[in-house]
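For reference, the chains in residue letters:
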Amino acid sequence: MLRTSLRQIEVFVATAQKGNVTQAAALVGITQSAASMALAEFENQLATRLFDRIGKRLALNEDGRALYPKAVEMVERAREMEGLFRQPGGAVDLRLGASSTIGNYLLPQILGSFRANRPGCRIELEVGNTQQVINAILHFEIDVGFVEGPCLHPDIEAGFWRPDELAICAAPGHPIAQPGGAGIEALRAADWILRERGSGTREVVDQMLMSQLGGIRVMMELGGTEAIKRAVESGMGISCLPKIALVGAVERGNLVSIPTPYLQLTRAFHILVHKDKYRTGGMSSLIRLCQSMAAQNSTM
């Protein structure tokens, strides 16, 4: 006879995600005392502690970490079961994470198309750098991740999504932007403004430029593409950014995209899912849409 309830499992998952019972109770929609009782009963039924108490924070111990992926899957399956008899293409509840280029320049259009066919969808999108997205996937804080850099973690399935082109950019009056001004030696000697370490763009730029130019002078590191664009527009230096992020500034004449046929500046975007994550119908539908729209763009 089963003694464990879905509510107890849901409280356990929420506590693991939030690190304390108060926030877990708010997430689940019950009182703190009810959440504390559910968690205590769950641990008693399993005859083991699932958390280490570190001050006011609860952190999963070894047993808790072993149980967590299975508990998350049960909650996801229960949610899908609740919507089993809804109309196909119905509303879904998804938590997504994306590195900045994807989150700011690609996903909004895709999510707009997705929600147009599924009225009432609830989608949370967290934008950070690649490492932050990877960490969120590992801790089951998001369902699907979209990143600009590579991911080799053994617990994450990383599937190729689409290629992306980078371009060196400068203010129109910068010496690099003048005819014949973007030679190898000039690029090596220029002041560069790049993303912070940990971002997918920075990792790829480091690999590409260091291997092809033999070293550059990084004058400034900034935490976002828009901040870098403003700095480059002011003439403080040059940068290497995704072409998709430069379109508006180039059209307005604020920036110049420098032709560099002698450099290879193409990278790959990837879609990440934890290997123990149960793939709901909503997750699978969104991933198929992303792949379909990428294929359409590649043929245009």
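Use the structure listed above.
Fair warning: this is a prediction, and the values are worked out from it, not measured in the lab. (Residues numbered from 1 in each chain as written. Predicted model: local features only at pLDDT ≥ 70, side-chain atom pairs only at ≥ 80, totals over all residues. Heavy atoms only, no water.)

**Q** Is there a simple way to think about the state of the cysteines in this case?
**A** Put plainly, two cysteines are in a disulfide when a covalent bond ties their sulfur atoms together. A complete count under the given rule lists zero disulfides for this structure. Of the cysteine sulfurs around C121, a residue in no disulfide, the closest is that of C290, at 13 Å. Classification of C121 by relative accessible area gives buried; the value is 6%. C290 supplies the cysteine sulfur nearest to C151, a cysteine that is in no disulfide, at a spacing of 17 Å. Given the relative accessible area of 11%, C151 is considered buried. (Disulfide = S-S within 2.5 Å. Buried < 20%, exposed > 50% of the residue type's maximum accessible area, 1.4 Å probe, protein only.)

**Q** Got a minute to help me understand the packing of aromatic side chains in this structure?
**A** On inspection of all chains with the given rule, the structure shows six aromatic pairs. Geometrically, the ring pair formed by F12 and F42 is tilted, given 5.6 Å between the ring centres and 50° between the ring planes. Residue F12 is located in helix α1 (residues 6-18), and its partner F42 is located in helix α3 (residues 32-46); the two are separated by 30 residues in the primary sequence. Comparing F12 with F42 shows no difference in burial state: the two are buried. Every member of this aromatic cluster is reached through a ring pair, and the members are F12, F42, F51, Y68 and F140. (Phe/Tyr/Trp six-rings, centres within 6.5 Å; stacked < 30°, edge-to-face > 60°. Helix = DSSP H or I, 4+ residues; strand = E, 2+ residues; numbered from the N terminus.)

**Q** Honestly, helix α5 (residues 100-116) in this entry has me stumped. Any pointers?
**A** What sets the pattern is the α-helix's 3.6 residues per turn: residues three or four places apart point alike. Its 17 residues place the ends of α5 23 Å apart at the C-alpha level, agreeing with the 24 Å of an ideal helix rising 1.5 Å per residue. Of all the residues in α5, the buried ones are S100, T101, I102, G103, L106, L107, I110, L111 and F114. (Expected span 1.5 Å × (residues − 1).)

**Q** Just checking my understanding: could you explain the side chain of D164 for this structure?
**A** For D164, the location among the structural elements is in strand β6 (residues 156-170). Apart from the residues lying within four places of it in its own chain, the contact partners of D164 are P242, I244, L265, T266, R267 and F269. (Contact = heavy atoms within 4.5 Å.)

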